[in-house]
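Summary of the model geometry
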Amino acid sequence: MKKTSFWRWTFYLVGMIILSFGIGMTIRGERFGIGPWDVLHYGLTETIGLTIGTWSIITGFLLVLLMIIVYRRIPKIGTWINMVVIGVFIDISLFVLPVPETYQGTLFMFVLGVIVMGIGIGIYIAPNMGAGPRDSLMLILVDKVGMSINGARITMEVTVALFGWLLGGPVGLGTVIIAFGLGALVQLALPTSVRTLKRLIDPRDIHLLEEK
């Protein structure tokens, strides 16, 4: 069990860190637009202050509270860790990543960032350690409002992107690409991550990767 726990937590944490750096790369390529939730965090930073990572943590915390109110249960520890780790490492990535000086450099940074995001999400989802706060909101829309998963995701991301844009966040073609194309990258990365993790953990614990 210790072996299984080690590898599940390693995948979870490393995946979130990779995702955070992918987000940071897309923000460095912001002239093409950034992800819907990051548009909101960026807009809040421009309007109120604080860092983008801090706003990621604050909005995540509010969504976790909403989940607790709606479902009357405390989310898995992984959800809380997700909220904090991604916010912290977004800020770290923005501190260490250079600002591209050319159009080509900005485009490269953005495209690489989207790819890295997809890989990171696939890795951190594989160990099944708990949904992120934003995934929790999607589940609320599905369970309590009756939306389809796709409809809930589109509604959620269009709404936050619009609100973030009104606050000064950068919206562009890249926002659309991330909103509608990121899932395809995750579908490529997730099976590979799951297969790799299954080879590393105790075979008796494979069911942990499939529990809801």
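Above this text you will find the structure in question.
The model shown is predicted, which means the values in this text are computed figures rather than measured ones.

**Some details on the overall build of the protein chain**
Counting its regular elements, the protein chain contains eight helices and zero strands. When the helices and strands of the protein chain are listed from N to C terminus, the series reads α-α-α-α-α-α-α-α. What you see for the protein chain is a C-alpha radius of gyration of 17 Å, in line with the 17 Å of a compact globule of 212 residues. Burial analysis of the protein chain (212 residues in total) assigns 48% to the buried set.

**Describing the nonpolar core**
L19, I23, I27 and L182 are the most contacted members of the largest nonpolar core, which has 23 residues in total. If you list the elements that add at least two residues to this core, you get α1 (2–28), α2 (36–48), α4 (77–96), α5 (103–125) and α8 (173–200). Setting aside residues no more than four positions away along its own chain, L182 makes contact with V114, M117, G118, I121 and I177. L40, L44, W55 and M138 belong to the second largest nonpolar core, which has eleven residues in total.

**Describing a nonpolar patch on the surface**
A contiguous nonpolar patch, built from I154, V158, L173, V176, I177 and F180 and spanning about 560 Å² of accessible area, is present on the exposed surface. Sorting elements by how many residues they give to the nonpolar patch places α8 first, with four residues. Looking at where L173 falls in the secondary structure, it is placed in helix α8. Accessibility expressed as a relative area gives 63% for L173, which makes it exposed.

**Here we look at the packing of aromatic side chains**
Per the counting criterion, the structure on display carries six aromatic pairs. Their ring planes at 40° and their centres at 5.9 Å tell us that F32 and F110 sit as a pair that is tilted. Here F110 lies in helix α5 and F32 lies in the loop between α1 and α2, a separation of 78 residues in the sequence. Side by side, F32 and F110 carry an identical accessibility label, which is buried. Consider the rings of F61 and W80, whose centres lie 6.4 Å apart with planes at 55°: the pair is tilted. Remark: W80 occurs in helix α4 and F61 occurs in helix α3 (residues 52–71); sequence separation between them is 19 residues. The exposure class assigned to W80 is partly exposed, which follows from its relative accessible area of 23%. Put simply, the rings of W9, Y12 and Y124 pair up and form one aromatic cluster. Sitting over the ring of W37, R134 keeps its end group 5.2 Å from the ring centre.

**With respect to the packing of α2 against α3**
In the contact formed by α2 and α3, the axes pass within 9 Å of each other and the chain directions differ by 115°. Handedness of the α2/α3 crossing: right-handed. Of the residues in α3, those in contact with W37, L40, H41, Y42, L44, T45 and I48 of α2 are I52, W55, S56, T59 and L63. Partitioned by chemical class, the residues of the contact of α2 with α3 number eight nonpolar, four polar and no charged.

**As for the side chain of S93**
Inspection of the secondary structure puts S93 in helix α4. Among all residues touching S93, those that are not within four sequence positions of it are S20, F21 and G24.

**Details of α2**
End to end, α2 covers 18 Å across 13 residues, agreeing with the expected 18 Å (1.5 Å per residue, within 8%). Of all 13 residues in α2, ten are buried; the element is thus mostly enclosed. Taken residue by residue, α2 has P36, W37, D38, V39, L40, H41, Y42, G43, L44 and T45 as its buried positions. Remark: G49 follows α2 within two positions and exhibits a positive phi of approximately 115°.

**Here's the deal with the packing of α1 against α8**
The contact between α1 and α8 brings their axes to 12 Å, and the two run at 155°. One element, α1, and the other, α8, form an angle in the roughly antiparallel class. Relative to α8, the crossing made by α1 is right-handed. Contacts between α1 and α8 pair K3, W7, R8, F11 and T26 from the former with I178, S193, T196, L197 and L200 from the latter. Grouping the amino acids of the contact of α1 with α8 by side-chain chemistry returns five nonpolar, three polar and two charged.

Rules and cut-offs
Residues numbered from 1 in each chain as written. Predicted model: local features only at pLDDT ≥ 70, side-chain atom pairs only at ≥ 80, totals over all residues. Heavy atoms only, no water. Helix = DSSP H or I, 4+ residues; strand = E, 2+ residues; numbered from the N terminus. Rg over C-alpha atoms; globule rule 2.2 N^0.38 Å. Buried < 20%, exposed > 50% of the residue type's maximum accessible area, 1.4 Å probe, protein only. Core = buried A, V, L, I, M, F, W, Y, C linked by side-chain atoms within 4.5 Å. Contact = heavy atoms within 4.5 Å. Patch = residues over 30% accessible without salt bridge, like charges linked within 9 Å, V, L, I, M, F, W, Y side chains within 5 Å. Areas by Shrake-Rupley, 256 points an atom, 1.4 Å probe, with all protein chains shown as cover. Salt bridge = Lys/Arg side-chain N within 4 Å of Asp/Glu carboxyl O. Phe/Tyr/Trp six-rings, centres within 6.5 Å; stacked < 30°, edge-to-face > 60°. Lys NZ or Arg CZ within 6 Å of the ring centre and 35° of its normal. Axes fitted to C-alpha atoms, helices over the stretch in contact; angles between N-to-C directions. Left-handed = near helix turned anticlockwise from the far one by under 90°. Nonpolar A, V, L, I, M, F, W, Y, C, P; charged D, E, K, R; others polar. Expected span 1.5 Å × (residues − 1). Parallel < 35°, antiparallel > 145°, perpendicular 65-115°, else oblique.

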